[in-house]
Amino acid sequence: MKSPSFKAGLWFVIFQAGLLLCQIASASVGFTVTPSLVSNTYSGPITLQVTGITPGDTVMVQKFLHANTNRVIDAGDPLWQQVNLTDGQGGMVIGGVTNINVPGDTDTVAGRITAKLNFQADFSQTFAGNYFFKASSPSGHFAPITNSLTVTNFPYAQKLTGTVVSNGVAVPNATVILFEPSGGDDLNPIGGATADNSGIYTIPAPPGAYTIVAFKSNFVANTAAAANLVLSSGETIDTNLSLIAATQSISGRVFDANNSSIGLPGLFMAVQSTNGLLATCFTDANGNFTTRVNANQWKIGTDSAGVAVLGYVGLENKIKVSTGGGSVSGLSIALPEATALFYGTVKDSFGNPLQGEVAIYADDQNITNNYNGTYQSDGYADTNGNYVTGVVGSPDINELWSVSIDNSSSFPNYDFSQASLDQNGGTNMAVGEVMPANFTAILATDHITGNVEFDGSPVSGVQVDAYSQDTNNYQSQAITDTNGNYSLNVGNDIWSVSLNCQGNNNSLDSILGSGNYQCPCSTNVTINNNNGTANITVGGGGSGEIFGYVTNTGGNPIVGVSVSANDCNGDNYSASTGGNGYYSFDVMNGVWNVNVDCGGLSALGYQCVGGQNVTVSGDNVEQDFTAQSTGTSGPLQITTTVLPYGMVSNFYNQQLSASGGQQPYSWSLSPGSLPLPPGISLSNNGVLSGTPGAAAIGTNYFSVRVTDNLANTMDQLLSLVIDPAFTMATNALPNGTAGTPYSANILVSGGDADYGYSYNVVGTLPPGLNVSLGTITSSNELFLISGTPTNIGTFSFTFQAYDLNFDEVQGNFSITITSSTLEITTVSLRNATAGADYTNQLQASGGATPYTWSIALGSQPLPSALTLSTNGFISGAPAAIGTNSFIVRVTDDVSITMTRTLTLITIPKPDLGSAVKSGAQVQFGFNGAIGQNYTVQLSTNLSSSNWTSLFITNSATTSSFLVTDPNATDKQGFYRILVGP
């Protein structure tokens with residue numbers, strides 16, 4: 001018989017795995033909300049996780065605004081949001097595409113639900129205040145569990161503050177909402193907070209114009225009381241908000257249009273009167289709502305963003321209710337569930353997702369119903385730039401859906417492309433159909449401003465649209481204010497500016513009434529690093545006359561030339577000038593482009609004159625034209641004297657200009673001129689263009705010549721400055737530690753930096769850190785990120801820099817802020833066995849990773865033959881038995897250290913005695929260590945994987961053991977002893 005073999009470790013691993021399975025099976029239900037503290041500018045998700053539930057079970061999660069400070073959910077805490085989550089179900093899926101607006105289980109572990117709520121998907125979810133999340137089982141499988149979420153106001157340097165009062169008495173715990181005025185009857189909510197028990201509120205905000213309104217059950221707010229407050233940089237505006245006691249109520253229910261037994265819970269509802277009063281409420285768990293009002297005419301509607309979270313589609317038009325005769329009850333609002341989807345991406349021109357809330361808006365229009373629609377739907381892009389917007393599928397081919405970036409998006413400095421389906425008037429969506437539509441954003445730092453009027457009065461609340469004329473058809477939108485003024489953010493391009501004539505609440509149809517006006521033609525505005533203007537006059541239903549004179553520069557009439565007028569609707573009028581050069585024709589009200597026939601002028605020896613836009617609004621308008629003789633008109637001269645800067649590797653294009661002489665002109669370099677900058681050429685028609693290389697950096701002098709049709713020439717000395725390439729160093733930023741001062745630099749170089757650069761941060765810096773201007777030279781600048789971080793985590797952001805020519809460079813960065821407390825979490829070591837391989841991984845937490853491990857100075861060494869690697873791994877085969885104490889040290893990435901004393905007991909290898917066989921029985925003894933577990937196993941074949949346990953010590957108090965095998969009937973047998981744990 002061979003000597004019994006020794007093999008340790010396998011049984012120990014199996015035993016530990018068994019313990020782990022046992023612990024999971026018996027664990028109680030847990031519920032976490034991560035993060036539990038955020039700013040109202042936080043752009044990530046709120047992660048809900050429920051553990052320890054029955055696989056496949058459903059959990060209801062309700063979110064309540066905790067208005068008072070009693071730390072329990074009571075009747076005064078409104079239901080802010082409610083979702084049902086089922087283990088293993090990822091949410092709503094239509095046509096193979098997941099509706100990411102609807103929360104669902106995102107992990108694959110049975111009995112665990114992990115769901116993500118888009119924090120910015122609904123403005124009401126970003127109100128500063130304290131919230132309670134309650135997880136409960138509709139089937140009663142576990143007791144409700146409550147967790148909290150705190151939303152703080154971002155610490156802007158300016159704020160609005162005051163007290164909420166009614167009849168001079170403070171109103172505690174009112175909800176205060178901050179709006180951006182959007183024109184007309186609409187207000188664009190951007191955030192809010194909860195007043196304290198004394199009625200005092202504070203809302204920090206960026207500089208801008210605001211309306212601030214307070215809400216409380218049994219009260220009505222007046223939106224005009226604190227409207228048009230202009231908050232300047234660093235300013236504090238102190239204004240009290242008054243509430244009016246309510247005398248009546250409007251109540252009803254919001255439910256599934258296809259199943260009235262399904263109520264829609266946690267929906268924010270706004271109730272607005274025709275004279276500027278406003279009330280709000282939330283639906284309860286069954287979709288019921290009650291809002292307190294007074295006698296008036298009201299419009300009531302649901303927040304379409306909150307509707308989208310439940311997988312439903314909102315109504316485009318608000319429901320009108322009159323309380324002139326008393327309270328109204330039993331109001332029914334039926335919303336359809338989404339049955340089709342738009343989906344795609346929203347990214348900038350570099351392919352990067354925009355950091356923050358990007359709202360997507362979809363609505364329907366019916367061709368046979370004068371393009372009026374029924375539904376509207378919201379969606380939001382996630383941190384990866386992906387979005388989904390649910391809509392209602394229909395077999396009606398006249399029902400067309402459009403999808404676009406919502407003009408209430410939080411990216412006023414960007415223009416977004418228009419979906420190709422919108423450029424074609426929309427698309428029909430069948431039930432179960434999914435339609436891709438991607439959007440691209442370009443930087444828009446210039447503006448088109450103007451005024452809209454009708455019959456001499458401003459038009460307030462009408463939507464102004466601008467579309468670029470490139471293939472992406474970028475769009476920008478604005479709503480006119482009470483004075484009819486608007487401002488559009490645009491980038492460099494030719495923009496077509498028009499009004500929304502037919503459609504929703506911001507159309508001329510809804511403001512002026514269909515048939516009472518003429519839809520004005522679009523106006524083209526060219527933007528090239530400049531601002532533009534487009535004033536729009538809306539014509540009435542009448543007519544007028546366009547008349548005028550066509551003369552030469554001497555004031556003499558030009559007789560017998562044709563003058564024509566056409567509008568954007570295809571209407572044309574024409575007349576010929578009489579003996580005194582006079583023309584006239586009657587036209588309908590509108591904008592007309594009036595032109596003199598260039599062929600007729602040329603035949604009479606005159607140059608062509610440009611057309612003019614003429615607006616007719618029930619009156620007679622004179623438009624005169626003066627034509628110049630085709631002979632030489634003044635001396636030939638070059639009017640271009642200064643050239644805009646260029647940049648290495650950027651395409652340069654500039655048209656040279658001349659006047660006088662006789663056209664056409666021909667351009668060239670002057671004889672003896674210095675050459676053009678490398679990469680730049682001059683065309684015969686006077687265009688300087690090309691892509692300059694590095695050899696062109698600096699000021700390049702050269703002389704250009706223009707030659708007219710009579711061979712007259714004129715020279716002009718010009719200089720073209722080529723700036724170095726505009727770059728940003730994108731090296732990784734160092735990690736920081738919470739509570740410890742932090743400093744790092746971002747280097748920007750090149751471009752036109754004579755007076756430094758400007759910058760913008762898109763995303764989230766670690767709280768407590770700010771960007772400031774660092775060292776500036778003529779060719780580069782260091783931007784300093786500094787401060788004392790307060791929150792741990794990884795914070796990602798995009799840093800954008802601009803030179804004096806508004807060229808842009810950007811880089812993506814992240815900063816990890818770690819805990820300041822470093823700790824060794826390994827408190828004990830399992831025993832080693834003399835002569836056997838031993839391993840143990842030390843563990844630590846806190847500080848800044850990576851960690852470096854060592855034996856502390858002055859410590860006893862490790863037992864002989866054992867080593868400690870720098871990654872904390874103890875390994876080797878100790879030779880001697882005994883108890884050894886030593887001190888380990890861990891050092892984190894910022895040189896903070898921590899030590900701990902550990903003890904390792906090395907027990908002897910079992911000492912086996914001789915085996916004695918008597919008949920079918922075999923006996924042998926072995927010596928070990930007191931308190932150590934041993935397992936004796938047997939097998940009849942060493943190559944066998946099946947070993948049978950024969951004897952287990954079970955932590956005996958002796959070190960000597962006698963083993964008996966009563967059934968040793970085979971010709972040979974093998975025994976082994978397993979040590980552990």
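Residues numbered from 1 in each chain as written. Predicted model: local features only at pLDDT ≥ 70, side-chain atom pairs only at ≥ 80, totals over all residues. Heavy atoms only, no water.

### Thoughts on the overall build of the protein
Then comes step 1: On a plain count of helices and strands, the protein comes out with 5 helices and 88 strands.
Then comes step 2: Its C-alpha radius of gyration of 39 Å places the protein more than 25% over the 30 Å reference for a compact globule of 981 residues.
Then comes step 3: Along the longest, intermediate and shortest principal axes, the C-alpha atoms of the protein span 145 × 90 × 60 Å.
Then comes step 4: Considering only contacts within the protein whose residues lie at least 6 apart along the sequence, 66% involve residues at least 24 apart.
Then comes step 5: Carbon together with sulfur atoms contributes 49% to the accessible area of the protein, which is approximately 43900 Å² in total.
Then comes step 6: With 23 positive and 62 negative side-chain charges, the protein shows a separation of 30 Å between the mean positions of the two kinds. (Helix = DSSP H or I, 4+ residues; strand = E, 2+ residues; numbered from the N terminus. Rg over C-alpha atoms; globule rule 2.2 N^0.38 Å. Contact = heavy atoms within 4.5 Å. Areas by Shrake-Rupley, 256 points an atom, 1.4 Å probe, with all protein chains shown as cover. Lys, Arg positive; Asp, Glu negative; His and termini not counted. Charge placed at Lys NZ, Arg CZ, Asp CG, Glu CD.)

### Quick notes on the sheet that holds strand β2 (residues 30–34)
Then comes step 1: With antiparallel pairing, the 3 strands of this open sheet are ordered in space as β2-β4-β9. One side of each edge strand has no neighbouring strand; the edge strands of this open sheet are β2 and β9 (112–118). When the angles between neighbouring strand axes are averaged without regard to direction, this sheet yields 15 degrees.
Then comes step 2: As defined by bridge partners, strand β4 (residues 45–51) adjoins β9 across 7 bridges and the pair is classed as antiparallel. Opposite I46, over in β9, you have L117 as the bridge partner. (Pairing = 2+ DSSP bridges. Axes fitted to C-alpha atoms, helices over the stretch in contact; angles between N-to-C directions.)

### Structural notes on the pattern of salt bridges
Then comes step 1: Counted according to the given criterion, the structure contains 2 salt bridges.
Then comes step 2: Linking D715 and R705 is a salt bridge whose minimum nitrogen-to-oxygen distance equals 2.8 Å. With D715 in strand β64 (residues 713–723) and R705 in strand β63 (residues 698–707), the pair connects residues that are 10 residues apart, well separated along the chain.
Then comes step 3: On the basis of relative accessible area, R705 is assigned to the partly exposed category, the value being 23%. (Salt bridge = Lys/Arg side-chain N within 4 Å of Asp/Glu carboxyl O. Buried < 20%, exposed > 50% of the residue type's maximum accessible area, 1.4 Å probe, protein only.)

### Quick look at the side chain of T737
Then comes step 1: Within the element layout of this structure, T737 appears in strand β66 (residues 736–737).
Then comes step 2: Among the residues examined, T737 registers a relative accessible area of 10% and is labelled buried.
Then comes step 3: Apart from residues no more than four positions distant in its own chain, T737 is found in contact with P789, I817, T818, S819, S820 and V894.

### Comments concerning the state of the cysteines
Then comes step 1: According to the stated counting rule, one finds 1 disulfide in the structure shown.
Then comes step 2: Each sulfur in the disulfide pair C598 and C608 lies 1.6 Å from the other. Separated by 10 residues along the polypeptide, C598 in helix α5 (residues 598–603) and C608 in the loop between α5 and β53 (612–616) bring together distant segments of the chain. (Disulfide = S-S within 2.5 Å.)

### Some thoughts on the packing of aromatic side chains
Then comes step 1: Taken as a whole and assessed by the stated rule, the structure comprises 19 aromatic pairs.
Then comes step 2: Look at Y387 and F439: their rings are 5.9 Å apart centre to centre, the planes differ by 50 degrees, and that puts the pair in the tilted class. Taken as a pair, Y387 in strand β34 (residues 386–391) and F439 in strand β38 (residues 439–443) lie far apart in primary sequence, 52 residues in all.
Then comes step 3: Relative to F799, the ring of Y759 lies with its centre 5.7 Å away and its plane at 10 degrees, an arrangement referred to as stacked. A residue pair is termed long-range when its members are at least 10 positions apart, and Y759 in strand β68 (residues 758–763) and F799 in strand β71 (residues 793–802) qualify at 40 residues.
Then comes step 4: Judged by its relative accessible area of 33%, Y759 falls in the partly exposed class. (Phe/Tyr/Trp six-rings, centres within 6.5 Å; stacked < 30°, edge-to-face > 60°.)

### Observations concerning the sheet that holds strand β10 (residues 129–136)
Then comes step 1: On the basis of which strands lie adjacent, the open sheet formed by 5 strands has the order β3-β11-β10-β5-β6 and mixed pairing. Pairing within the sheet leaves two strands with one partner each, and these edge strands are β3 (37–39) and β6 (79–86). Shown here is a sheet whose adjacent strand axes are inclined to one another by a mean of 20 degrees, direction ignored.

### Brief notes about the nonpolar core
Then comes step 1: In terms of nonpolar packing, the biggest core is built from 55 residues, with V61, V164 and I212 touching the most fellow members.
Then comes step 2: Per-element tally for this core: the top contributor is strand β17 (residues 208–215), with 5 residues.
Then comes step 3: The contact partners of I212, leaving out residues within four places of it in the chain, are L160, V176, I177, L178, Y201, I203, A226, L229, T239 and L241.
Then comes step 4: A381, W401, I405 and A419 belong to the second-largest nonpolar core, a separate cluster that totals 32 residues. (Core = buried A, V, L, I, M, F, W, Y, C linked by side-chain atoms within 4.5 Å.)

### Thoughts on the environment of N317
Then comes step 1: Tracing the sequence through the fold places N317 in the loop between β28 (314–315) and β29 (319–322).
Then comes step 2: For the pair N317 and V452, spaced 135 residues apart in sequence, the C-alpha to C-alpha distance is 24 Å.

### A word on unusual backbone geometry
Then comes step 1: Omega for the peptide link from T34 to P35 comes to -10 degrees, which places this bond in the cis form.
Then comes step 2: Examined against the element boundaries, P35 turns out to sit in the loop between β2 and β3.
Then comes step 3: Positive phi outside glycine occurs at N173, with the angle close to 60 degrees.
Then comes step 4: Position of N173 among the secondary structure elements: in the loop between β13 (169–170) and β14 (175–181).
Then comes step 5: Residue N173 is classed as buried on the basis of its relative accessible area of 15%.
Then comes step 6: A positive phi is found at D455, a non-glycine position, where the angle reads about 55 degrees.
Then comes step 7: With respect to the element layout, D455 can be found in the loop between β39 (446–454) and β40 (457–458).

### Observations regarding a nonpolar patch on the surface
Then comes step 1: Residues L674, Y701 and L717 make up a contiguous nonpolar surface patch of roughly 340 Å² in combined accessible area.
Then comes step 2: Of note, Y701 is situated in strand β63.
Then comes step 3: Residue class for Y701 comes out partly exposed when judged on its relative accessible area of 47%. (Patch = residues over 30% accessible without salt bridge, like charges linked within 9 Å, V, L, I, M, F, W, Y side chains within 5 Å.)

### Overview of the pairing of β39
Then comes step 1: Bridge count for β39 against strand β43 (residues 485–490) is 6 bridges, and the pairing is antiparallel. Across the sheet, I448 pairs through a bridge with L488, a residue of β43.
Then comes step 2: Here 2 bridges tie β39 to strand β46 (residues 532–533), and the two strands are oriented parallel to one another. From the neighbouring strand, I448 faces β46, where its bridge partner is G532.
Then comes step 3: Across 2 bridges, the pairing between β39 and β40 is antiparallel.

### Re the confidence of the model for the protein
In low-pLDDT segments, the atomic positions of the prediction should not be examined closely.
Then comes step 1: This prediction gives the protein a mean pLDDT of 85; 92% of its residues lie at or above 70.
Then comes step 2: Across residues 1–27, confidence stays below pLDDT 50; counting only partners more than four residues off in sequence or on other chains, it has 30 contacts. (pLDDT = per-residue confidence, 0-100.)

### Describing the environment of A110
Then comes step 1: Within the element layout of this structure, A110 appears in the loop between β8 (97–98) and β9.
Then comes step 2: For A110 and G611, which are 501 residues apart along the polypeptide, the C-alpha to C-alpha distance reads 73 Å.
Then comes step 3: Sequence-distant contacts of A110, that is, excluding residues within four places in its chain, are made with P55 and D87.

### Considerations on the environment of V888
Then comes step 1: Relative to the assigned elements, V888 resides in strand β80 (residues 882–891).
Then comes step 2: With relative accessibility at 0%, the residue V888 sits in the buried group.
Then comes step 3: Measuring from C-alpha to C-alpha, the distance between V888 and W853 comes to 7.1 Å, with 35 residues separating the pair along the chain.
Then comes step 4: Residues in contact with V888, not counting those within four places in the same chain, are I824, L842, W853, S854, I855, A856, L868, M898, T899, R900 and L902.

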